[in-house]
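# Topology and contacts: notes
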Amino acid sequence: MGNVLVWVIWVAAALSCIGSGIAVISFTNPFYSALALIGNLASLAVLFLLASAEFVAAAQILVYAGAVMVMFLFVIAYLGGRADAPWAGGPRWLQIGAFVVGAAIMIEVIVALATKAGGGLSNGTEITRSFGSPAEIGRLFLTDHLLAFEITSIVLLIAAVGGVVLGMKTQAEGEAS
Amino acid sequence: MMGPGTTWYIAVAAVLFGIGTTGVILRRSPLIVLLSLEIMLNASNLALVGFSRQFASVDGQIFAICVMAVAAAEVVVGLGLIVAFTRRKMPLDVDTLTELRG
């Protein structure tokens, strides 16, 4: 019974994830696209939870669906949400090519899965209760993966400085206005 | 509690990555290109989490969190560039922004 429930929730989350992904790239209004991406991130968080990645799911909701998407929505509101039809601009071959490339990547991975992986990929491995918990992840970040942790903090610092520099009024702009 | 196997996770990740690639190539607005990039990064995160579950190793989840931090940094710089374009009255269209073309 528990298995059936897990499957039902998983399939619903996967379908809503793919559906909102298609919505993101097909809405003409960027504001609606950003809202669809929030749905996409939320359903991805459900998939993470079902793979026993509790901390990643929480971070996904807090960092992505919360902070990053609010920033996106603010910028789109600031720009006035100009409509841009999915088919506007660009040569015809580029539009067809976009679908061909997207489908090629998808089919490549799925064919590789079907031919090579077979039944070898299963999540039957036994895991402990603390698998993916914040305590476990925090311990690993401060022991085995300390270098990655420190480099991430420097990347975030550089991005913050870059954001401020990009937002400053330049000399040329000051004279023009 | 036995849910879907890793194969299903990778299949959904592949479909999402394909959707993101299509969006990056198809759309002309840099805002939507950034949103599609987010979909691609999240597809890779989903594959990482799926494999991390399969091998019962938390390393994949650590990597997924690092990807999330890098994605946040990318969004900050990308949105900063888009706001700078708007303030200079440049068009928001990736096809017409060709000043750096060699």
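As the structure is a computational prediction, the values presented were derived from the model and not from experiment.

Attention now goes to the domain arrangement of chain A. Its domain assignment divides chain A into domain 1 (1–83) and domain 2 (133–168). Averaged C-alpha coordinates put domain 1 of chain A and domain 2 of chain A at centres separated by 23 Å.

One way to put it is that helix α3 (residues 54–79) of chain A packs onto helix α2 (residues 30–54) of chain B with a least axis distance of 12 Å and a crossing angle of 175°. Of the possible angle classes, the one that applies to α3 of chain A and α2 of chain B is roughly antiparallel. Note on element contacts: α2 of chain B touches α3 of chain A through Leu31, Leu34, Leu35, Glu38, Leu41, Asn42 and Val49 of chain B, opposite Val56, Gln60, Tyr64, Met69, Phe72, Val75, Ile76 and Leu79 of chain A. Residues belonging to the contact of α3 of chain A with α2 of chain B are distributed by class as follows: 12 nonpolar, two polar and one charged.

Time to look at the packing of aromatic side chains. Applying the stated rule across the entire model yields six aromatic pairs over all chains. Taking 6.5 Å as the distance between ring centres and 65° as the angle between the ring planes, the aromatic pair formed by tryptophan 7 of chain A and tryptophan 10 of chain A counts as edge-to-face. Taken together, the residues tryptophan 7 of chain A and tryptophan 10 of chain A, both in helix α1 (residues 2–26) and three residues apart, mark about one turn of the helix. Relative to tryptophan 8 of chain B, the ring of tryptophan 7 of chain A lies with its centre 6.0 Å away and its plane at 85°, an arrangement referred to as edge-to-face. Note that tryptophan 7 of chain A is positioned in helix α1 and tryptophan 8 of chain B in helix α1 (residues 6–26), a pairing that runs across two chains. A relative accessible area of 47% means that tryptophan 8 of chain B is categorised as partly exposed. Linked through ring pairs, Trp7 and Trp10 of chain A together with Trp8 and Tyr9 of chain B together constitute an aromatic cluster.

A surface patch of nonpolar side chains, amounting to about 480 Å² of accessible area, comprises Leu157, Val161, Val164, Val165 and Met168 of chain A. Counting through the fold element by element, leucine 157 of chain A comes out in helix α6 (residues 146–167).

Looking at where serine 52 of chain B falls in the secondary structure, it is placed in helix α2. Overall, the relative accessible area of 4% leaves serine 52 of chain B in the buried class. In this structure the C-alpha to C-alpha distance between serine 52 of chain B and isoleucine 62 of chain B, which are 10 residues apart in sequence, comes to 9.4 Å. Not counting residues within four places of it along the chain, the set of residues in contact with serine 52 of chain B comprises Phe131 of chain A together with Ser57, Val58, Gly60 and Gln61 of chain B.

Turning next to α1 of chain A. In a regular helix each residue adds 1.5 Å, so 25 residues correspond to 36 Å; α1 of chain A covers 36 Å between its end C-alpha atoms and thus fits that length. Along α1 of chain A, the residues that are buried comprise Val6, Trp10, Ala13, Ala14, Cys17, Ser20, Gly21, Ala23, Val24 and Ile25 of chain A. Those residues of α1 of chain A hidden inside the fold are in contact with α2 (30–50) of chain A together with α1 and α2 of chain B.

Right, let's talk about the interface of chain B and chain A for a bit. How big an interface is tends to be reported as the loss of accessible area on association of its parts. Each partner contributes to the interface: chain B provides 70 residues, whereas chain A provides 85 residues. Buried surface at the junction of chain B and chain A, summed over both partners, amounts to about 7,100 Å²; 75% is from carbon and sulfur atoms. Scanning the region where chain B abuts chain A turns up 11 residue pairs in polar contact (both at pLDDT 80 or more). Elements represented by at least two residues in the side of chain B that touches chain A include exactly α1, α2 and α3 (59–87) of chain B.

Okay, the nonpolar core next. Membership of the largest hydrophobic core comes to 62 residues, with the highest contact counts inside it found for Leu47, Val56 and Phe72 of chain A together with Leu31, Leu46 and Leu79 of chain B. Of all the elements in the fold, those that place two or more residues in this core are α1, α2, α3 and α5 (134–142) of chain A together with α1, α2 and α3 of chain B. No other element matches α3 of chain A, which puts 12 residues into this core. Residue assignment places this core across two domains, with domain 1 (1–83) and domain 2 (133–168) of chain A each supplying three or more. Once residues lying within four places of it in the same chain are set aside, the contact partners of leucine 46 of chain B are Leu44, Leu47 and Phe48 of chain A together with Tyr9, Val12 and Ala13 of chain B.

This paragraph deals with unusual backbone geometry. Even without being a glycine, serine 52 of chain A presents a positive backbone phi close to 55°. With respect to the helices, strands and loops of the structure, serine 52 of chain A is situated in the loop between α2 and α3. Of the residues examined, serine 52 of chain A reaches a relative accessible area of 13% and is grouped as buried. In this model, alanine 56 of chain B sits at a positive phi of 50°, which is unusual for a non-glycine residue. Within the secondary structure, alanine 56 of chain B is located in the loop between α2 and α3.

Further remarks concern the environment of isoleucine 22 of chain A. Structurally, the position occupied by isoleucine 22 of chain A is in helix α1. For the pair isoleucine 22 of chain A and serine 33 of chain A, spaced 11 residues apart in sequence, the C-alpha separation works out to 9.5 Å.

Another point: the pattern of salt bridges. It is possible for side chains bearing opposite charge to pair when their charged atoms get close. Residues and elements named next belong to chain A. Overall, the coordinates contain one salt bridge over all chains when judged by the stated rule. Between arginine 139 and glutamate 136 there is a salt bridge, and its shortest N-O distance comes to 3.9 Å. Taken as a pair, arginine 139 and glutamate 136 lie in helix α5 at a separation of three residues, close to a single helical turn.

About the criteria used
- Residues numbered from 1 in each chain as written.
- Chains lettered and ligands numbered in written order.
- Predicted model: local features only at pLDDT ≥ 70, side-chain atom pairs only at ≥ 80, totals over all residues.
- Heavy atoms only, no water.
- Domains from an automatic or database assignment.
- Axes fitted to C-alpha atoms, helices over the stretch in contact; angles between N-to-C directions.
- Helix = DSSP H or I, 4+ residues; strand = E, 2+ residues; numbered from the N terminus.
- Parallel < 35°, antiparallel > 145°, perpendicular 65-115°, else oblique.
- Contact = heavy atoms within 4.5 Å.
- Nonpolar A, V, L, I, M, F, W, Y, C, P; charged D, E, K, R; others polar.
- Phe/Tyr/Trp six-rings, centres within 6.5 Å; stacked < 30°, edge-to-face > 60°.
- Buried < 20%, exposed > 50% of the residue type's maximum accessible area, 1.4 Å probe, protein only.
- Patch = residues over 30% accessible without salt bridge, like charges linked within 9 Å, V, L, I, M, F, W, Y side chains within 5 Å.
- Areas by Shrake-Rupley, 256 points an atom, 1.4 Å probe, with all protein chains shown as cover.
- Salt bridge = Lys/Arg side-chain N within 4 Å of Asp/Glu carboxyl O.
- Expected span 1.5 Å × (residues − 1).
- Buried area = accessible area lost by both parts, 1.4 Å probe.
- Polar contact = N/O pair within 3.5 Å; in protein donor to acceptor, adjacent residues only side chain to side chain.
- Core = buried A, V, L, I, M, F, W, Y, C linked by side-chain atoms within 4.5 Å.

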